[in-house]
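Chain residues, written in single-letter form:
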Amino acid sequence: MTRAWVHHVLSLEQLSPSEAVDVAVLADTQGFVGIGLADRFQPWLPSQGNASFAWTVLGAIGQRTTGALSLTTAPGYRMHPAGIAQAAATLAALYPGRHRLTLATGDAIDEHVTAAYWPEVHERASRMFEAAELIRKLFHSSSKNADARHDGPHFRMESARLWTMPETLPPVQVWAAGPVTARRAGRSLDGIVVPAGPRERMVALVGALRDGADEAGRPEPAKTAHIQLSWAPTDDEAMAQALRDWPMAGLRFPRGDIRSPFDVAQLARSVTADDIRTRIPVASDPDIHRAHLQSFLDLGFDALHVHNVGRNQAEWIEVAGRDILPKLVR
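None of the values given here were measured: they were computed from a predicted structure. (Residues numbered from 1 in each chain as written. Predicted model: local features only at pLDDT ≥ 70, side-chain atom pairs only at ≥ 80, totals over all residues. Heavy atoms only, no water.)

Asker: Before we move on, could you go through the overall build of the chain and cite the residues and values that matter?
Answerer: Along its length, the chain carries twelve helices and eleven strands. Taking 20 Å as the expected radius of gyration for a compact globule of 330 residues, we find that the chain reaches 19 Å, a close match to that expectation. In terms of overall dimensions, the chain has C-alpha extents of about 60 × 45 × 40 Å along its principal axes. Out of the 330 residues belonging to the chain, those deemed buried represent 54%. Long-range pairs, those at least 24 residues apart, make up 74% of the contacts in the chain with a sequence separation of at least 6. Here the chain displays about 14,200 Å² of accessible surface, and carbon together with sulfur accounts for 53% of that area. (Helix = DSSP H or I, 4+ residues; strand = E, 2+ residues; numbered from the N terminus. Rg over C-alpha atoms; globule rule 2.2 N^0.38 Å. Buried < 20%, exposed > 50% of the residue type's maximum accessible area, 1.4 Å probe, protein only. Contact = heavy atoms within 4.5 Å. Areas by Shrake-Rupley, 256 points an atom, 1.4 Å probe, with all protein chains shown as cover.)

Asker: How would you summarise the UniProt feature "domain: Luciferase-like" (unreviewed entry) in the chain if you had to cite specific residues and measurements?
Answerer: The sites that UniProt annotates as "domain: Luciferase-like" (unreviewed entry) are residues 15-302. The span residues 15-302 shows a helical share of 45% and a strand share of 16%, and its end C-alpha atoms are spaced 28 Å apart. (UniProt positions renumbered as here; feature names shortened; annotations may be inferred.)

Asker: Explain helix 8 (residues 235-245) to me, using residue names and the numbers behind them.
Answerer: Of the positions making up helix 8, those classed as buried are Ala238, Met239, Gln241, Ala242 and Asp245. Buried residues of helix 8 fall within an arc of 165° about the axis and therefore sit on the same side. Turned more than 90 degrees away from the buried face of helix 8, the exposed residues are Asp236 and Arg244. Against strand 9 (222-231), helix 10 (273-277), strand 10 (282-283) and strand 11 (303-308) lie the buried residues of helix 8. (Arc of directions from axis to C-beta.)

Asker: Please give an account of helix 12 (residues 313-324) that cites residues and values.
Answerer: For an α-helix the count is 3.6 residues per turn, leaving residues at separations of three or four pointing the same way. Among the residues of helix 12, Gln313, Trp316, Ile317, Val319, Ala320, Gly321 and Ile324 are the ones counted as buried. Looking at the buried positions of helix 12, the neighbouring elements they touch are strand 1 (5-9), helix 1 (17-29), strand 9, helix 11 (286-298) and strand 11.

Asker: Tell me about the packing of helix 11 against helix 12, and please be specific about residues and values.
Answerer: Contact geometry of helix 11 with helix 12 gives a least axis separation of 10 Å together with a crossing angle of 70°. Here helix 11 lies roughly perpendicular to helix 12, going by the angle between them. On helix 12, the residues that touch Pro286, His289, Arg290 and Leu293 of helix 11 are Val319, Asp323 and Ile324. (Axes fitted to C-alpha atoms, helices over the stretch in contact; angles between N-to-C directions. Parallel < 35°, antiparallel > 145°, perpendicular 65-115°, else oblique.)

Asker: Can you explain the packing of helix 3 (residues 81-94) against helix 5 (residues 121-143)? Please cite residues and give values.
Answerer: At their nearest, the axes of helix 3 and helix 5 sit 9 Å apart, and the two run at 50° to each other. One element, helix 3, and the other, helix 5, form an angle in the oblique class. In the crossing of helix 3 with helix 5, the sense of the turn from one axis to the other is right-handed. Residues Pro81, Ala82, Ile84, Ala85, Ala88 and Ala89 of helix 3 touch helix 5, and the partners they reach there are Ala131, Leu134, Ile135, Leu138 and Phe139. Residue classes in the contact of helix 3 with helix 5 are distributed as eleven nonpolar, no polar and no charged. (Left-handed = near helix turned anticlockwise from the far one by under 90°. Nonpolar A, V, L, I, M, F, W, Y, C, P; charged D, E, K, R; others polar.)

Asker: Tell me what's going on with the packing of aromatic side chains, and back it up with residues and numbers.
Answerer: Within this structure, the stated rule accounts for three aromatic pairs. Here the guanidinium or amino end of Arg255 rests over the ring plane of Trp44, the centre of that ring lying 4.5 Å away. (Phe/Tyr/Trp six-rings, centres within 6.5 Å; stacked < 30°, edge-to-face > 60°. Lys NZ or Arg CZ within 6 Å of the ring centre and 35° of its normal.)

Asker: Summarise the environment of Glu237; cite the residues concerned and give the values.
Answerer: Take Glu237: it is sitting in helix 8. Classification of Glu237 as partly exposed rests on a relative accessible area of 40%. With 26 residues separating them along the chain, Glu237 and Asp263 place their C-alpha atoms 26 Å apart.

Asker: Could you give an account of the pairing of strand 6 (residues 156-160), naming the residues involved and the relevant values?
Answerer: Of the pairings in the sheet, the one linking strand 5 (residues 148-151) to strand 6 comprises three bridges and is antiparallel in character. Across the sheet, the residue bridging to Ala148 is Ala160, located in strand 6. With antiparallel pairing between neighbouring strands as the criterion, strand 5 and strand 6 make up a hairpin whose turn holds four residues. (Pairing = 2+ DSSP bridges.)

Asker: Provide a residue-level description of the pairing of strand 1, including the pertinent values.
Answerer: Counted residue by residue, strand 1 has four buried out of five residues, so it is predominantly covered. In the sheet, strand 1 pairs with strand 11 via four bridges, with the strands oriented parallel. Note on strand 11: the bridge partner recorded for Val6 is Leu304. Of the pairings in the sheet, the one linking strand 1 to strand 2 (residues 34-38) comprises three bridges and is parallel in character. Looking across to strand 2, one finds that His8 is bridged to Ile35. Handedness of the crossover is the feature at issue here: the chain leaves strand 1, passes through helix 1, returns alongside strand 2, and the resulting connection is right-handed. (Right-handed = clockwise from strand over helix to strand, strands pointing away.)

Here it is as structure tokens:
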């Protein structure tokens, strides 16, 4: 058994850029092996108050930390996949072996701002995989000092190469909430990030990834679980902060088509403590959170991205570093 790979997820909706860097530095000193960010244009709630440019913040974090630097982005809306490839290659050149790129299908609240057509879920998944193909193509050709081009159903790229390249290419993985996505990722990509859910669904996703890899005759890609929780010094405080700071966790329907933080705030007014409790662990006892995190490692996940939904990040990091991280094994 080895020490588990647990990354601290920073919510740029809740932190200013400088606060995010300071929290990342603290996490780096307390046993977290990396930092995870999402490329957002708006917060989920107006009260969260922030939505800084994740690529810039992650670059600043890299200067003051030593661990992995993971970023999730939705290609093809606010930024063409070629632009994402350039950004990722630059981060990987600055911080050799530390950057990991994760692609997602995106949420309208961030991606509709360019006023382009917002596609249905199946088309968004198709665009995500085509973007991954384009990015990997550009990475591999550029690493050989050659041009690449792309002409697909969703994206085009003229003959081009990236002129700043890292010695080691950053892994390209995708968010996978369903077995079709996981299986397809298993055939060609470097890994999946799975939003935490019931054991049966997690087992199915891991199995689908493995099946895809077997079909392609390649090693099984990396598996990461993205886990939200609410910790505070008391159970009541933990529930209060979940309801106040991250009620989206308790919404009973997908939020990918919602376009305004003000709409989310209205919808979140219906969320109850029971809604939250059935979806994420809410507790002051560190051992409850430790057991929850360990359950994903026991299912075979290689790494965990952990997001405490409150604003009490410094206190949470101290508790996690002392009472949780040292006890997790894989």
